[in-house]
Amino acid sequence: MEGTIAEDTEPLMTAVVEEEVRLRSTARSIDDAVKSKYLRDNSPEAKLGRRRRMIRAAFAEFMCTLIFFTMVFSVIAHGTVSGWNEYDLTYAVALVSGFQATSVIYTFSSASGAHFNCNISFALWLTGRLSNRRCVVYIAVQLLASVVAMGLVAGMFHGDLQTLYDACSLVPTDNVRIAKVFATEFITTFILTYVAFTVAFLDAESEKKHSMSFKGISDSKGLTVYASTPQSKAGFAPLAIGLVVFSLAMVGGSSGPAFNQNRMFGPAVFSGKWAYFYVYYAADLCGAASASLIAHNLHLLGLEQEESMRSSAAALASACNLRRQSNDGSTSDLEKSYIMSGITKS
């Protein structure tokens, strides 16, 4: 019996190995072709195309940040003019921040990534996911959008403008230790960056890398596989980030909190309140760097083995398809068990 099984599976496993080698070779060829054409092509047409994509992304990032902070600053200004109490104003700002974060990410993520946060851009640059030039451009347009947003709000509301500028500014209360401000900003920025990396950027990469493997498995006739995949998770990333932004905006703490330099920059330009700005800036960058490096390195742990298992499962499914086509068109129970075993291990 055992000898019969070994004889039956030997051709199948040989086909699996050959198919896996072919898939890996194809993947390397595609990567090399993409890098050669789009990263090393210095023709005038290629340079013009890259320049246009950069302008499109920079404008999208500017509009994303402008829309987000115009709404946030408007709510603060409206609450100040209307005399809302502190709790109602905090709750309203948190709700608007969460809703706007979700909407602008859905709207602009395909154009620029919808960072609207210097910390996210810095974290992506730190982990090699954003070029030097694009990182500088993104941060510059984000800060500019924060200033423009504050200017738009100043033109929308009546009354003492200095009062509105002061209301939108983030300044620690009196007698607050700098360490407390740093801790609040570090923790809130760490949480936001870690969630954004996990549900958005890392899963988006996994979706690109494994899309061929998932397609190979899902196309196997006679098999229906339901799983929580990067494709399904990444679609809910804007909602997850929006909920985290809402929760963090309700935290308060000793610093506000800001967890975004753009939240402070525009109001500070108009109000002139730059107290502790260096503390906010340093704490946010440290929190973003820590979260991104941890998430990035955890993502890399076992990634090669995971990719190998997924590739093996895809190759096994493809080999079964070839064998089924060459035989009677049916999938044996043994082949199904091998396929499901490869899927489960991955």
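Residues numbered from 1 in each chain as written. Predicted model: local features only at pLDDT ≥ 70, side-chain atom pairs only at ≥ 80, totals over all residues. Heavy atoms only, no water.

Below, the discussion takes up the pattern of salt bridges. Applying the stated criterion across every chain, the model contains one salt bridge. Ionic pairing is found between aspartate 166 and lysine 273, a salt bridge with its closest N-O pair at 3.6 Å. Of the two residues, aspartate 166 is situated in helix H6 (residues 161-168) and lysine 273 in the loop between helix H10 (261-271) and helix H11 (277-300); the sequence distance between them amounts to 107 residues. With a relative accessible area of 27%, aspartate 166 lands in the partly exposed category. (Salt bridge = Lys/Arg side-chain N within 4 Å of Asp/Glu carboxyl O. Helix = DSSP H or I, 4+ residues; strand = E, 2+ residues; numbered from the N terminus. Buried < 20%, exposed > 50% of the residue type's maximum accessible area, 1.4 Å probe, protein only.)

Another aspect to go through is the side chain of asparagine 119. Relative to the elements of secondary structure, asparagine 119 occurs in helix H4 (residues 118-126). At a separation of 2.8 Å, a polar atom in the side chain of asparagine 119 contacts the side chain of glutamine 261. Setting aside residues up to four positions removed in sequence, asparagine 119 forms contacts with Thr189, Phe259, Asn260, Gln261, Asp284, Leu285 and Ala288. (Polar contact = N/O pair within 3.5 Å; in protein donor to acceptor, adjacent residues only side chain to side chain. Contact = heavy atoms within 4.5 Å.)

What follows is about unusual backbone geometry. Of note, the phi angle at alanine 114 is positive, near 55°, even though the residue is not glycine. Looking at alanine 114, the relative accessible area reads 6%, which means it is buried. Unusually for a residue other than glycine, phenylalanine 116 sits at a positive phi of about 40°.

Another aspect to go through is the nonpolar core. Generally speaking, nonpolar side chains in soluble globular proteins are found buried as a group. Within the largest apolar cluster, 57 residues are counted, with the highest numbers of intra-cluster contacts made by Phe73, Phe116, Leu192, Phe201 and Ile241. For this core, the secondary-structure elements that each account for two or more residues are helix H2 (44-82), helix H3 (86-108), H4, helix H5 (132-156), H6, helix H7 (178-218), helix H9 (237-249) and H11. Per-element accounting of this core gives the leading share, 13 residues, to H2. Among residues more than four places away in sequence, those in contact with phenylalanine 201 are His115, Ile120, Leu124 and Ala196. Judged by nonpolar contacts, the second largest core, of eight residues, contains Leu170, Val181, Phe277 and Val279. (Core = buried A, V, L, I, M, F, W, Y, C linked by side-chain atoms within 4.5 Å.)

For the rest of this paragraph, the subject is a nonpolar patch on the surface. Together, Tyr106, Phe236, Leu239 and Leu243 line one region of the surface with nonpolar side chains, adding up to about 440 Å² of accessible area. Position of leucine 239 relative to the elements: it lies in helix H9. (Patch = residues over 30% accessible without salt bridge, like charges linked within 9 Å, V, L, I, M, F, W, Y side chains within 5 Å. Areas by Shrake-Rupley, 256 points an atom, 1.4 Å probe, with all protein chains shown as cover.)

Before going further, it helps to examine the packing of aromatic side chains. Inspection of the entire model under this criterion finds 13 aromatic pairs. Aromatic side chains phenylalanine 186 and phenylalanine 190 sit 6.3 Å apart centroid to centroid with 25° between the ring planes, which places their arrangement in the stacked category. You can see phenylalanine 186 and its partner phenylalanine 190 sitting in helix H7, four residues apart, about one turn around the helix. Within the aromatic cluster, the residues linked to one another by ring pairs are Phe68, Phe69, Phe73 and Phe116. (Phe/Tyr/Trp six-rings, centres within 6.5 Å; stacked < 30°, edge-to-face > 60°.)

Turning our eyes to something else, we now look at H5. With 25 residues, H5 should cover 36 Å at 1.5 Å per step; its first-to-last C-alpha distance of 37 Å lies within 8% of that length. Listing the buried residues of H5 in full gives Cys135, Tyr138, Ile139, Val141, Gln142, Leu143, Ala145, Ser146, Ala149, Met150, Val153 and Ala154. Those residues of H5 that are buried are in contact with H2, H4, H6 and H10. (Expected span 1.5 Å × (residues − 1).)

So, on to the packing of H2 against H5. Between H2 and H5, whose axes approach to 7 Å, the crossing angle comes to 35°. By crossing handedness, the relation of H2 to H5 is classed as right-handed. Its residues assigned to classes, the contact of H2 with H5 shows 19 nonpolar, five polar and four charged. (Axes fitted to C-alpha atoms, helices over the stretch in contact; angles between N-to-C directions. Left-handed = near helix turned anticlockwise from the far one by under 90°. Nonpolar A, V, L, I, M, F, W, Y, C, P; charged D, E, K, R; others polar.)

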